[in-house]
Amino acid sequence: IVLTVNGRSFIDSGELSCKVGMASARRALYLSSTALLCTVPPFASGMLAVQVSNTREFGVESVSNGLMVDMGSTFSLASVFPSSGPTTGGSKVQVRIDAEFTPKVGLCLFGQDQGLGFTSVATATENVVECISPTRNAGSIELTLVLNSRQSLNSLTYTYTNVPRPSALVPSS
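Owing to the predicted nature of the structure, the values given are computational and were not obtained by experimental measurement. (Residues numbered from 1 in each chain as written. Predicted model: local features only at pLDDT ≥ 70, side-chain atom pairs only at ≥ 80, totals over all residues. Heavy atoms only, no water.)

A. Structural detail: the state of the cysteines. Under the criterion given, the structure shown has 2 disulfides. The disulfide partner of Cys 18 is Cys 38, and the S-S distance across this bridge is 1.9 Å. The sign of the 105° torsion about the S-S bond sets the Cys 18-Cys 38 disulfide as right-handed. Within this pair, whereas Cys 18 is found in strand β2 (residues 17–20), its partner Cys 38 is found in strand β5 (residues 35–39), the two being separated by 20 residues in sequence. Taken individually, Cys 18 and Cys 38 each receive the classification buried, so the pair is uniform in this respect. At a sulfur-sulfur separation of 1.9 Å, the disulfide partner of Cys 108 is Cys 131. Looking down the S-S bond of the Cys 108 and Cys 131 bridge, the torsion is -80°, so its handedness is left-handed. Within this pair, whereas Cys 108 is found in strand β12 (residues 106–110), its partner Cys 131 is found in strand β15 (residues 128–132), the two being separated by 23 residues in sequence. (Disulfide = S-S within 2.5 Å. Helix = DSSP H or I, 4+ residues; strand = E, 2+ residues; numbered from the N terminus. Buried < 20%, exposed > 50% of the residue type's maximum accessible area, 1.4 Å probe, protein only.)

Right, dumping it as structure tokens:
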């Protein structure tokens, strides 16, 4: 997850960093003297303080100004059904999640290699999210979800298979 942090006096240097919660500092991406991008650790949850430093020293040089981010609850993927579908996409894919919430918004992320394929969550109930698979090349990919701005803690394997394409009949009559 990437946060945009707005403020002032950010310096474009290799030392610009941010810290979210108790996690170790991470390098921030400078956008301007008033904006930067900060990555959130993958397992972060709950209300977390956000600190920014121009010098990587967190103490006198860092300021949070009371900035807090609510990372909500974490969730894991339990199962995917079906676990395979055609390369043409368009299949309904149900993903069971280990969480006690109904997502309001979300994305289904189909793989990272060959470019990311994604679709919006089609439907969601308390523990099941339905995705529609996008077109992809044949092979196995990692399926992850982003729900209410939180990425799943794990991924599941989804396999794309070639669709049979008959080309001739013998005998033809």
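What follows continues from the structure just given.
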